[in-house]
Amino acid sequence: MGLRSVMRVRFAPSPTGALHIGGARTALYNWLLAHGPGDGPEGGAAAGRGSFVLRIEDTDRERSTEANVAQIIDALAWLGLDWDEGPVSQLANTPRHQEVLAQLLARGQAYHSSAGAEDVKAFKLAHGAECGFRGEPEPSGAVRLRVPQEGETGFVDLVRGELRFPNASMDDPVIARADGSVLYNFAVAVDDLDARITHVVRGDDHISNTPKQLLVFRALGAEPPLYAHLPMLLGPDGKKLSKRHGAASVQELRDRGYLPEAVNNYIALLGTGFDPDEEFFTMAEMAARFRLDRVSRSPAVFDERKLRHLNGQHLRALTLDELTERLERFTGRSGLREAVAISREKIQTLADFWPLAGFFFDGPADDPAAFDRVVGAAGAREVLLQARDALAVLEHFDAGSIERVLRELVDRLGLKPGEVFQPLRVAIAGTTVSPGIFESLALLGRERSRALIDAALARAQARA
Ligand code: GLU
């Protein structure tokens, strides 16, 4: 394995849509391998860091668009999954694909054939369903690769173990259309060969492509890469992960206020055999630990609630300045730092912040039901009046002093704390959620707190 100790891996998305969570997982695992210790006996220090190649498989001209390429690149950049080489366009490699195709034709390892699906069917009727189709060379037509009659095409999948496909039952695969354009499995094999890819890590929907790609390597007398096929991602209900389960694309996760480091962390935990007692990892820690041979063979379940929880941990691991900067970018607002300081323990995503703390900037939320229920309750107006007067005489309007006088008020009135704090909360926030009430009042300041309490009293009066 010495020769392989510097890993060269690639992520090869087809730009036919947004980057989905499954695609992000494939990209992440490749990135982690390139940044990890390698698989050589000497480990990373001796082997050196690997390389991560980004190849855009844009040969499907109808479905590949510039906008999709831009979206994928944007999603990878947001995740911090930077590449060392590329983006390489598969389409731009067309001359090279043609060169290799001509080589195989010249050597008789591939041949022109006009045989279509009907001919293949007839062949199987004549020779038996298990018998791979072999065509007769013709002067023109599509191009098929000759599959050896004997033996088998097999590989040791680094996740699934040994997989074997008897050659006798494999059809000679079509590698180019009659118009000369090459087919997907051929282009992938040539590109992986040219890029000296050592490990192909991709979704297991590609397993059936692998023998065809191996045959191309074999025809070219080249050593193929090692392959690892990742099991499917499922939603918590056991069905294939899709939009029904919530966010399906990386862009949607970003819009929902997840941090890229939390998304990476959560995806890395999915079926990779990390110690279940530990879950919080930085990218460097994940790269050091990630091992293909620990990836589970069974499908992994993507549960957005778990991501949410982990996101909260990552969010609290940021410094106040970092978190403020991210929230300012997320909300498009500025001057959030003090509100962030008193909200950070209560939010799990960036999107949680504004509903909790927006009232500091835009005034109380509009929640008439909460207002009527809490401020309209018997005795609440009296409580607000008393609280307002208690706060008015405070020498220092800081959270500690506010807490002291409000707790004194609770005792004096013989009420439960919530019976005092909740009307105040609704008075200043407009609704029943806010950061800590003492800290919130302190942040609003004496004047604004008083004005908000007065406004709530007037409103309650008007509704009574
Ligand atoms: N372009 C393929 C896809 O988006 C991936 C091919 C590969 O990784 O070999 O699914």
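Preceding block: the structure.
The structure presented is a predicted model; accordingly, all values stated were derived computationally and were not measured. (Residues numbered from 1 in each chain as written. Predicted model: local features only at pLDDT ≥ 70, side-chain atom pairs only at ≥ 80, totals over all residues. Heavy atoms only, no water.)

Participant: Report on the overall build of the chain, specifying residues and quantitative values.
Facilitator: What the chain contains, in helices and strands, is 20 helices and 12 strands. The globule rule puts the C-alpha radius of gyration for 464 residues at 23 Å, and the 31 Å found for the chain is more than 25% above it. The burial tally for the chain puts 47% of its 464 residues in the buried class. Here the analysis covers contacts within the chain between residues at least 6 apart in sequence; of these, 74% occur between residues at least 24 apart. For the chain, the accessible surface area stands at approximately 21,400 Å², while carbon and sulfur atoms represent 53% of it. When the 55 basic and 64 acidic side-chain charges of the chain are each reduced to a single mean position, those positions are 3 Å apart. (Helix = DSSP H or I, 4+ residues; strand = E, 2+ residues; numbered from the N terminus. Rg over C-alpha atoms; globule rule 2.2 N^0.38 Å. Buried < 20%, exposed > 50% of the residue type's maximum accessible area, 1.4 Å probe, protein only. Contact = heavy atoms within 4.5 Å. Areas by Shrake-Rupley, 256 points an atom, 1.4 Å probe, with all protein chains shown as cover. Lys, Arg positive; Asp, Glu negative; His and termini not counted. Charge placed at Lys NZ, Arg CZ, Asp CG, Glu CD.)

Participant: I'd like to hear about the sheet that holds strand 8 (residues 174-176), residue by residue, with values.
Facilitator: One key point about sheets: their strands pair by backbone hydrogen bonds, in either a parallel or an antiparallel sense. Read from one edge of the open sheet, 3 strands run 4-5-8, paired in antiparallel fashion. Single-partner strands in this sheet number two, and they are strand 4 (110-113) and strand 8. Across the sheet, the mean angle from the axis of one strand to that of its neighbour is 45 degrees, orientation sign disregarded. Bridge count between strand 4 and strand 5 (residues 142-145): 4 bridges; the pairing is antiparallel. (Pairing = 2+ DSSP bridges. Axes fitted to C-alpha atoms, helices over the stretch in contact; angles between N-to-C directions.)

Participant: Could you give an account of the pattern of salt bridges, with specific residues and numbers?
Facilitator: One pass over the structure, following the stated rule, counts 31 salt bridges. Arg8 is the partner of Glu85 in a salt bridge, and the nearest nitrogen-oxygen pair spans 2.9 Å. In this pair, Glu85 sits in strand 3 (residues 85-89) while Arg8 sits in strand 1 (residues 8-11), placing the two residues 77 residues apart along the sequence. Relative accessible area serves as the criterion here: at 10%, Arg8 is assigned to the buried category. Close ionic contact of Arg96 with Asp194 constitutes a salt bridge, the shortest N to O distance being 2.7 Å. One end of the pair, Arg96, is in helix 4 (residues 94-106); the other, Asp194, is in helix 6 (residues 184-194), with 98 residues separating them in the sequence. Its relative accessible area of 28% is what places Arg96 among the partly exposed residues. (Salt bridge = Lys/Arg side-chain N within 4 Å of Asp/Glu carboxyl O.)

Participant: So, a negative patch on the surface: which residues are in play, and what are the values?
Facilitator: Taken together, the side chains of Glu118, Asp119, Glu136 and Glu138 make up a negatively charged region of the molecular surface. Residue placement: Glu118 occurs in helix 5 (residues 117-127). By relative accessible area, Glu118 is classed as exposed at 59%. (Patch = residues over 30% accessible without salt bridge, like charges linked within 9 Å, V, L, I, M, F, W, Y side chains within 5 Å.)

Participant: Which residues make up the packing of helix 1 (residues 21-35) against helix 9 (residues 260-269), and what values do they have?
Facilitator: It is the contact of helix 1 with helix 9, at a shortest axis distance of 10 Å, that shows an interaxial angle of 85 degrees. In terms of axis orientation, helix 1 runs roughly perpendicular to helix 9. Across from Ile21, Ala24, Arg25, Leu28, Tyr29 and Leu32 in helix 1, the residues of helix 9 making contact are Asn264, Ile267 and Ala268. When its residues are assigned to classes, the contact of helix 1 with helix 9 shows 7 nonpolar, 1 polar and 1 charged. (Parallel < 35°, antiparallel > 145°, perpendicular 65-115°, else oblique. Nonpolar A, V, L, I, M, F, W, Y, C, P; charged D, E, K, R; others polar.)

Participant: Quick rundown of helix 4? Include the residues and the values.
Facilitator: For helix 4, spanning 13 residues, the distance from its first C-alpha to its last is 18 Å, which sits close to the expected 18 Å at 1.5 Å a residue. Here helix 4 has its buried residues at His97, Val100, Leu101 and Leu104. Seen along its axis, helix 4 keeps its buried residues to an arc of 105 degrees; they face one direction. Residues of helix 4 that are exposed and point over 90 degrees away from its buried face: Pro95 and Ala106. In this structure, the buried side of helix 4 is in contact with strand 4, strand 5, strand 8, helix 6 and helix 7 (210-219). Phi for Gly108, located one or two positions after helix 4, is positive at around 75 degrees. (Expected span 1.5 Å × (residues − 1). Arc of directions from axis to C-beta.)

Participant: Quick one: what's the story with the pairing of strand 9 (residues 199-203), residue by residue and with numbers?
Facilitator: The buried fraction of strand 9 is high, at 5 of 5 residues. In this sheet, strand 10 (residues 226-230) lies alongside strand 9 in parallel orientation, the contact comprising 5 bridges. Counterpart to Val200 in the pairing with strand 10 is Tyr227. Viewed along the sheet, the connection from strand 9 through helix 7 into strand 10 turns out right-handed. (Right-handed = clockwise from strand over helix to strand, strands pointing away.)

Participant: For the environment of Arg459, give the residues involved together with the corresponding values.
Facilitator: The residue Arg459 is located in helix 20 (residues 437-463) in this model. Spatially, the C-alpha atoms of Arg459 and Gly379 are 15 Å apart, while their sequence positions differ by 80 residues.

Participant: So what's going on with the site of the ligand? Which residues, and what values?
Facilitator: Every residue near the ligand is listed here: Arg10, Ala12, Pro13, Ser14, Glu57, Tyr184, Val188, Arg202 and His206. For the ligand, a nitrogen atom lies 2.8 Å from a polar atom in the side chain of Ser14. Contact distances for the ligand include 2.7 Å between an oxygen atom and a side-chain N or O atom of Arg202. Relative to its unbound accessible area of 300 Å², the ligand is 80% covered by the protein chains. Its residues assigned to classes, the shell around the ligand comprises 4 nonpolar, 2 polar and 3 charged. (Near = heavy atom within 4 Å. Polar contact = N/O pair within 3.5 Å; in protein donor to acceptor, adjacent residues only side chain to side chain.)

Participant: Outline unusual backbone geometry, listing residues and values.
Facilitator: Glycine aside, the phi torsion of most residues is negative, and most peptide linkages are trans. Of the consecutive residues Gly86 and Pro87, the connecting peptide bond is found in the cis state with omega at 0 degrees. Note on placement: Pro87 falls in strand 3. Positioned with a positive phi, Arg196 is a non-glycine residue whose angle comes to about 55 degrees. Here Arg196 is to be found in the loop between helix 6 and strand 9.

Participant: Lay out the side chain of Arg8 in plain terms, naming residues and giving numbers.
Facilitator: Here Glu85 takes part through its side chain, which lies 2.9 Å from a polar atom of the side chain of Arg8. If sequence neighbours within four positions are ignored, Arg8 has contacts with Ser51, Val53, Glu85, Ala195, Arg196, Ile197, Thr198 and His199.

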